[in-house]
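Next come the chains, spelled out residue by residue.
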Amino acid sequence: MTPKSMNYIKLSLPLFLTFTTLLLSFSLKGAKGIEEALFTWTDSPSTTLNVIWLVKDKDPTLFLWGKADDQSPSSMEVKRHSFYKGSGLEVCQVQLTGLSPNTGYRIFLGDKEFRARTLPAKRPDRISFVTGGDMMHQPEFHKDGVKAMASRSPSFALLGGDLAYANGQSWERWLDWIEVYADHAVTKDGYSIPFIVAIGNHEVNGGYGKTPKEAPIFYNLFPFPQKLKSYYTIDLYEDLSVVILDSSHTYSIESQTEFLQSSLSSRKDRTHLFALYHFPAYGIMKGGLNSPISKSMRKYWVPLFDQYGLDAAFENDHHVYKRSKLLKGDKVNQDGTLYIGDGAWGVKTRKPGAKEYWYVEKFEPTRHVIEVEIKDNVRTYRAINHDKKVFDEFVDNRDAD
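Residues numbered from 1 in each chain as written. Predicted model: local features only at pLDDT ≥ 70, side-chain atom pairs only at ≥ 80, totals over all residues. Heavy atoms only, no water.

Caption draft 1: Spatial organisation of the overall build of the protein. Looking only at helices and strands, the protein has 7 helices and 23 strands in total. Over its C-alpha trace the protein gives a radius of gyration of 21 Å, about what one expects of a compact globule, namely 21 Å for 401 residues. Dimensions of the protein, computed from the C-alpha atoms along their principal axes, are close to 65 × 45 × 40 Å. With 401 residues in all, the protein has 59% of them scored as buried. Looking at the protein alone, contacts between residues at least 24 apart form 71% of all its contacts between residues at least 6 apart. Here the protein has roughly 16,000 Å² of accessible surface; of this, 47% comes from carbon and sulfur atoms. The distance from the centre of the 50 positive side-chain charges to the centre of the 49 negative ones in the protein is 2 Å. (Helix = DSSP H or I, 4+ residues; strand = E, 2+ residues; numbered from the N terminus. Rg over C-alpha atoms; globule rule 2.2 N^0.38 Å. Buried < 20%, exposed > 50% of the residue type's maximum accessible area, 1.4 Å probe, protein only. Contact = heavy atoms within 4.5 Å. Areas by Shrake-Rupley, 256 points an atom, 1.4 Å probe, with all protein chains shown as cover. Lys, Arg positive; Asp, Glu negative; His and termini not counted. Charge placed at Lys NZ, Arg CZ, Asp CG, Glu CD.)

Caption draft 2: Here's a closer look at the packing of aromatic side chains. A complete count under the given rule lists 31 aromatic pairs for this structure. Pairing Phe195 with Phe222 gives two aromatic rings, centres 5.8 Å apart and planes at 85 degrees, and the pair type is edge-to-face. Placement of Phe195 in strand β11 (residues 195-197) and of Phe222 in the loop between α4 (216-221) and β12 (232-237) is noted, with a sequence separation of 27 residues between them. The residues Phe195 and Phe222 share a single accessibility class, namely buried. Measuring from centroid to centroid gives 5.7 Å for Phe224 and Tyr232, while their planes differ by 70 degrees, and the two rings are edge-to-face. Judged by relative accessible area, Phe224 falls into the buried class, the value being 11%. The exposure class assigned to Tyr232 is buried, which follows from its relative accessible area of 5%. Among the aromatic residues, ring-to-ring pairing joins Trp174, Trp177, Tyr181, Phe195, Phe218, Tyr219, Phe222, Phe224 and Tyr232 into one connected group. (Phe/Tyr/Trp six-rings, centres within 6.5 Å; stacked < 30°, edge-to-face > 60°.)

Caption draft 3: Local environment of the nonpolar core. Of all hydrophobic cores here, the largest spans 94 residues; its most connected members are Trp177 and Tyr181. The dominant element in this core, judged by the number of residues it contributes, is helix α3 (residues 171-184), at 8 residues. Residues in contact with Trp177, not counting those within four places in the same chain, are Leu38, Met135, Met136, His142, Leu159, Leu163, Ala164 and Phe195. (Core = buried A, V, L, I, M, F, W, Y, C linked by side-chain atoms within 4.5 Å.)

Caption draft 4: Fine view of the sheet that holds strand β16 (residues 321-324). Taken in spatial order, the 7 strands line up as β12-β13-β14-β15-β19-β16-β20 in an open sheet, and their pairing is mixed. Lying at the two open borders of the sheet, with one neighbouring strand each, are β12 and β20 (360-364). Shown here is a sheet whose adjacent strand axes are inclined to one another by a mean of 15 degrees, direction ignored. Two elements, β16 and strand β19 (residues 338-341), share 2 bridges in a ladder whose sense is antiparallel. Bridge pairing links Lys322 to Gly341 in β19. (Pairing = 2+ DSSP bridges. Axes fitted to C-alpha atoms, helices over the stretch in contact; angles between N-to-C directions.)

Caption draft 5: Inspection of the sheet that holds strand β3 (residues 63-67) at higher detail. Spatial strand order, β4-β3-β7-β8: 4 strands in an open sheet with antiparallel pairing. This sheet does not close on itself; its edge strands, each paired only once, are β4 (74-75) and β8 (112-117). Here β3 pairs with strand β7 (residues 104-109) via 5 bridges, running antiparallel. What sits directly across from Trp65, in β7, is Ile107.

Right, here's the structure in full:
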């Protein structure tokens with residue numbers, strides 16, 4: 001449903017400000033994580049935006065929106081539902097549709113203003129995005145990682161799970177996570193960084209082999225293309241797609257094989273094809289290649305990555321930086337896939353037990369985010385530490401113009 005097809009009002013800016021002032025008598029100004037806007041995508045990034053925020057149960061919330069230069073913002077219907085039992089909070093969600101590509105929009109939540117931008121309809125010659133996971137052992141670690149990300153001014157982020165370390169229950173930790181991300185995931189020109197999210201074990205009460213029932217906060221907070229399904233595909237541009245998978249947290253590895261086959265086969269001609277998930281197929285911690293989860297992924301998923309030419313898989317969970325060699329058929333192969341990441345956005349890092357692994361090019365126990373720059377169809381992967389410095393880089397020019 002587009003904004004034009006809904007009942008909404010137009011407010012002049014002076015009237016809007018007056019209305020906002022009146023609302024402040026009900027507001028939760030200063031409450032941690034409340035009325036802080038998050039932006040995600042579950043559909044076309046050039047014409048849609050999902051807006052997510054929290055309010056106290058039954059408290060009013062004012063949502064107004066418009067283009068960045070629009071002096072008459074519009075209201076829109078807000079969907080509300082419980083955040084988590086006993087939290088006294090509700091999740092508010094709005095999907096803005098029918099938007100203009102490559103356009104900035106303003107969002108007003110009470111007295112707070114946020115800005116976000118849609119992507120261009122056609123991919124520019126140069127874009128960048130950031131990916132990472134395992135985000136918040138401590139809010140300060142999380143903040144440092146967010147600031148490192150924002151320093152690159154990416155168009156969007158791919159978040160690979162273990163966001164708030166709430167284990168499906170500790171809803172208060174999500175308030176810290178939301179506040180830090182909303183306040184600091186902002187580009188140099190003042191626009192919030194939208195994200196696409198995958199599930200990790202610390203979103204789930206029990207971690208592995210569970211169902212969506214054991215991850216109520218995650219599924220209540222974030223919208224998905226299909227309700228209660230954490231695996232999905234996003235086409236960010238006409239030649240760039242990301243497949244998001246659930247590494248045995250609320251869906252089994254094997255149960256996603258048909259979906260993965262369909263998603264990749266229909267996108268095999270995309271120039272830039274990526275996967276995002278939490279537990280690594282080619283990890284170096286937690287048993288490495290002998291992990292039962294890794295073995296299952298290499299049985300059911302990796303052959304499809306090989307068959308359809310996946311460029312890179314963004315892996316997480318192991319609290320270390322890892323960049324694999326290019327791999328195909330479980331061997332080093334220059335036509336293969338890059339496995340990169342291993343989840344050390346905002347956590348205490350781990351030290352691998354071996355000095356080298358046959359499938360790994362570089363590893364380092366450093367908190368980091370990964371910037372992916374695509375320019376003239378050359379993919380450059382850069383590991384950025386919390387000092388905002390590049391400490392590793394890999395250039396993939398296999399599709400160079």
